[in-house]
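Tertiary structure, described
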Amino acid sequence: EADTIKQVKRQTKDGVTPEEGQVVRDLCQSQVDRPIDEYRPRVIISYATGTRDTWHGYEHDLDGEGCGLGMKYCQIVVRQLERVGIQCFSGLHVAGGYNWRIYFERLRVGIQCF
């Protein structure tokens with residue numbers, strides 16, 4: 001966990017690369033132990049990717065497309081919940097080929113939202 005915190009501190013200045021973002025997605029997607037349509041944990045995590053780029057007023061693109069500090073903060077929460085045996089769900093849990101908007105369907109049935 002200390003490595004993740006160090007990464008986040010570095011990424012605050014240097015940005016989150018597409019490769020680093022994929023590591024977060026892979027972690028979340030590895031927790032899905034059944035077809036995504038059947039995966040319905042009671043804890044749902046909401047986060048904002050927060051891509052820092054020229055379109056959002058930065059001098060240059062800091063984060064890779066679809067990446068940002070929000071996903072890194074989400075990673076920390078996901079790992080902590082996993083350590084105590086609590087399954088959770090976020091848009092990062094949805095693998096490519098599926099519409100990430102399935103997240104909104106889960107909001108309607110989720111019990112705990114962060």
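Residues numbered from 1 in each chain as written. Predicted model: local features only at pLDDT ≥ 70, side-chain atom pairs only at ≥ 80, totals over all residues. Heavy atoms only, no water.

**Quick word on the pattern of salt bridges**
One side chain can pair with another of opposite charge once the charged atoms of both are near each other. Tallying each qualifying case throughout the model produces 3 salt bridges. For arginine 34, the salt bridge goes to aspartate 33, with nearest N and O atoms at 3.2 Å. Among the ionic pairs, aspartate 63 bridges to arginine 52, the shortest N-O distance being 2.8 Å. Linking aspartate 63 in the loop between strand 1 (43-44) and helix 3 (69-83) with arginine 52 in the loop between strand 1 and helix 3, this pair joins segments that are 11 residues apart in sequence. Side by side, aspartate 63 and arginine 52 carry an identical accessibility label, which is buried. (Salt bridge = Lys/Arg side-chain N within 4 Å of Asp/Glu carboxyl O. Helix = DSSP H or I, 4+ residues; strand = E, 2+ residues; numbered from the N terminus. Buried < 20%, exposed > 50% of the residue type's maximum accessible area, 1.4 Å probe, protein only.)

**Digging into the layout of surface pockets**
In this model, the largest pocket occupies a volume close to 290 Å³. Surrounding the largest pocket, 17 residues form its lining, Tyr47, Thr49, Gly91, Leu92 and Trp100 being those nearest its centre. The class makeup of the residues in the lining of the largest pocket is 9 nonpolar, 7 polar and 1 charged. (1 Å grid on protein atoms, 1.4 Å probe; cavity = no way out; pocket = protein on both sides within 12 Å on 5 of 7 lines; lining within 4 Å. Points joined across faces, edges and corners; volume = space filled by probe spheres on them. Nonpolar A, V, L, I, M, F, W, Y, C, P; charged D, E, K, R; others polar.)

**Structural notes on the packing of aromatic side chains**
Aromatic ring pairs: the centre-centre distance and the angle between the two ring planes describe each pair. Counted according to the given criterion, the structure contains 1 aromatic pair. Pairing tyrosine 39 with phenylalanine 89 gives two aromatic rings, centres 6.3 Å apart and planes at 50°, and the pair type is tilted. Of this pair, tyrosine 39 sits in the loop between helix 2 (18-30) and strand 1 while phenylalanine 89 sits in strand 2 (residues 88-89), placing them 50 residues apart in sequence. The residues tyrosine 39 and phenylalanine 89 share a single accessibility class, namely buried. (Phe/Tyr/Trp six-rings, centres within 6.5 Å; stacked < 30°, edge-to-face > 60°.)

**With respect to the packing of helix 2 against helix 3**
Any two packed helices are characterised by the angle at which their axes cross and by the distance between the axes. Across the interface, helix 2 lies against helix 3 with an axial gap of 10 Å and an inter-helix angle of 30°. Judged on the interaxial angle alone, helix 3 and helix 2 are roughly parallel. As helix 2 runs across helix 3, the sense of the crossing is left-handed. Residues Gly21, Val24, Arg25, Leu27 and Cys28 of helix 2 form the contact with helix 3, whose own contacting residues are Met71, Lys72, Gln75, Val78, Arg79 and Glu82. Split into classes, the residues belonging to the contact of helix 2 with helix 3 amount to 5 nonpolar, 2 polar and 4 charged. (Axes fitted to C-alpha atoms, helices over the stretch in contact; angles between N-to-C directions. Parallel < 35°, antiparallel > 145°, perpendicular 65-115°, else oblique. Left-handed = near helix turned anticlockwise from the far one by under 90°. Contact = heavy atoms within 4.5 Å.)

**Here we look at the packing of helix 1 (residues 2-14) against helix 3**
Between helix 1 and helix 3, the shortest axis-to-axis distance is 10 Å and the interhelical angle comes to 170°. Taken together, the axis directions place helix 1 and helix 3 in an arrangement best described as roughly antiparallel. In this structure, helix 1 uses Thr4, Ile5, Gln7, Val8, Gln11 and Thr12 to contact helix 3, whose residues at the interface are Leu69, Lys72, Tyr73, Gln75, Ile76 and Arg79.

**Overview of the confidence of the model for the protein chain**
Taken residue by residue, the protein chain gives an average pLDDT of 87. The fraction at 70 or more is 93%. Taken element by element, the protein chain is modelled with least confidence in strand 3 (residues 112-113), mean pLDDT 53, and with most confidence in helix 2, mean pLDDT 95. (pLDDT = per-residue confidence, 0-100.)

**Things to note about the state of the cysteines**
A full pass over the atoms with the stated rule returns 0 disulfides. Here cysteine 28 is not disulfide-linked; the sulfur of cysteine 74 is the nearest cysteine sulfur, at 5.3 Å. Since its relative accessible area comes to 0%, cysteine 28 is described here as buried. Residue cysteine 74 is classed as buried on the basis of its relative accessible area, which comes to 2%. (Disulfide = S-S within 2.5 Å.)

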